[in-house]
Amino acid sequence: AALETAEAVVLGSGVLADEAARALRRSGFGNVESRPIDAAPPPDAFVVVAPDRSEVKELDALAHRRLDGAGPWLQLLPFDGRRVVVGPLFVPGTTGCRRCFVMRRAACSGYEEDFDVVEAAPLRAVAPSAVATAAAALGAVVALRWSTTHDPSLPGSFYALEVGTILTLSHHRLLRVPRCTSCGPPARAVPSPWHQAAAS
């Protein structure tokens, strides 16, 4: 019953966005729309952002717009030659934001000082169609669980589907970065409930 009236919007273009829209429809969402990366989705829709390689640079502006009064959104990053990242499920005011996500990735990269330079380089890898389908299906599972039960384990969670000699799927959790200038100040967000326990 919840799915019959559920609305989902996929922002972005390319094979991953197409696969995400198809997976959401097959999951039973009552209405699924595909829109350009810079479009404004309906306020009550579940938003999946699946940028093409050329659209990744639009993510920061989109994430900033969704910090003020917008609903949850799920990030599907394009294949970078090694992996596809599904998530996090960002919940403004509850989880870390995309800036937190980027800062955490930079800190764990091993090349933090050059991270921005590397990230700005155009992606040339093309995702195998089966990998795009698998990543989109995983995103649809997250959307389904959030839209029907608001599964409390989902906010801040993300997955990395790695395509190597052995195909692997790993789960990770985004913690808010206290120094984040987008969601860090107390006036903009509530501290993550697990932050103190994780830090001690």
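Residues numbered from 1 in each chain as written. Predicted model: local features only at pLDDT ≥ 70, side-chain atom pairs only at ≥ 80, totals over all residues. Heavy atoms only, no water.

Engineer: Even after reading the chapter, I still don't get the overall build of the chain, so can you show me in this structure?
Structural biologist: Counting its secondary structure elements, the chain contains six helices and seven strands. Overall, the chain shows an N-to-C arrangement of helices and strands of β-α-β-β-α-β-β-α-α-α-β-β-α. Within the span of the chain, comprising 200 residues, buried residues form 43% of the whole. Taking the contacts inside the chain whose residues are at least 6 apart along the sequence as the reference set, 64% of them involve residues at least 24 apart. Split by element, the accessible area of the chain, about 10400 Å² in all, is 55% carbon and sulfur. (Helix = DSSP H or I, 4+ residues; strand = E, 2+ residues; numbered from the N terminus. Buried < 20%, exposed > 50% of the residue type's maximum accessible area, 1.4 Å probe, protein only. Contact = heavy atoms within 4.5 Å. Areas by Shrake-Rupley, 256 points an atom, 1.4 Å probe, with all protein chains shown as cover.)

Engineer: I would appreciate a short explanation of the nonpolar core in the present structure.
Structural biologist: One recurring pattern in soluble globular proteins: nonpolar side chains tend to sit buried together. In terms of nonpolar packing, the biggest core is built from 34 residues, with Val10, Leu24, Phe29 and Leu76 touching the most fellow members. With nine residues, the single largest contributor to this core is helix α5 (residues 129–149). Ranked by size, the runner-up nonpolar core spans 24 residues in total, among them Leu59, Phe158, Leu174 and Cys180. (Core = buried A, V, L, I, M, F, W, Y, C linked by side-chain atoms within 4.5 Å.)

Engineer: How do you make sense of the environment of leucine 16 when you look at a structure like this?
Structural biologist: Looking at where leucine 16 falls in the secondary structure, it is placed in helix α1 (residues 15–26). Taking the C-alpha atoms as reference, leucine 16 lies 7.7 Å from proline 51; in sequence the two are 35 residues apart. Excluding anything up to four places from it in sequence, leucine 16 contacts Ala50, Leu76, Leu77, Pro78, Val84, Ala132, Ala135 and Ala136.

Engineer: In this structure, what is going on with the pairing of strand β7 (residues 167–173)? I would like to understand it.
Structural biologist: Residues in a regular strand project their side chains so that they alternate between the two faces of the sheet. Of the pairings in the sheet, the one linking strand β6 (residues 157–163) to β7 comprises seven bridges and is antiparallel in character. Note that in β7 the partner of phenylalanine 158 across the bridge is histidine 172. Count of turn residues in the β6/β7 antiparallel hairpin: three residues. (Pairing = 2+ DSSP bridges.)

Engineer: What should I look at first to understand the sheet that holds strand β2 (residues 31–35) in this one?
Structural biologist: Spatially, seven strands are ordered β2-β1-β3-β4-β5-β6-β7 in an open sheet, and the strand pairing comes out mixed. Each end of this open sheet is capped by a strand with a single partner; those strands are β2 and β7. Here the average twist between neighbouring strands, direction ignored, is 15°. Where strand β1 (residues 7–11) and strand β3 (residues 46–49) come together, four bridges link them in parallel fashion. Residue pairing across strands places valine 10 opposite valine 48, the latter belonging to β3. Each of β4 (73–76), β5 (83–90) and β6 touches helix α3 (residues 98–109); the most contacted strand, β5, lies at about 140° to it. (Axes fitted to C-alpha atoms, helices over the stretch in contact; angles between N-to-C directions.)

Engineer: Where do I start with the packing of α1 against α5 in this structure?
Structural biologist: A packed helix pair is summarised by two numbers, namely the angle formed by the two axes and the spacing between the axes. Where α1 contacts α5, the two axes come as close as 8 Å, and the packing angle between them is 45°. Relative to α5, α1 is oriented oblique. Considering only the axes of α1 and α5, their crossing is right-handed. Counted together, Val15, Leu16, Glu19, Ala20, Ala23 and Leu24 of α1 and Ala132, Thr133, Ala135, Ala136, Ala137, Ala140 and Ala143 of α5 form the full contact between these two elements. Of the residues belonging to the contact of α1 with α5, the class tally is 11 nonpolar, one polar and one charged. (Parallel < 35°, antiparallel > 145°, perpendicular 65-115°, else oblique. Left-handed = near helix turned anticlockwise from the far one by under 90°. Nonpolar A, V, L, I, M, F, W, Y, C, P; charged D, E, K, R; others polar.)

Engineer: Explanation requested: the side chain of glutamate 19 in the structure shown.
Structural biologist: You can see glutamate 19 is positioned in helix α1. Engagement of the side chain of glutamate 19 in a polar contact is seen with the side chain of threonine 133, the distance being 3.4 Å. The residues touching glutamate 19, leaving out its near neighbours within four places in the chain, are Ala132, Thr133 and Ala136. (Polar contact = N/O pair within 3.5 Å; in protein donor to acceptor, adjacent residues only side chain to side chain.)

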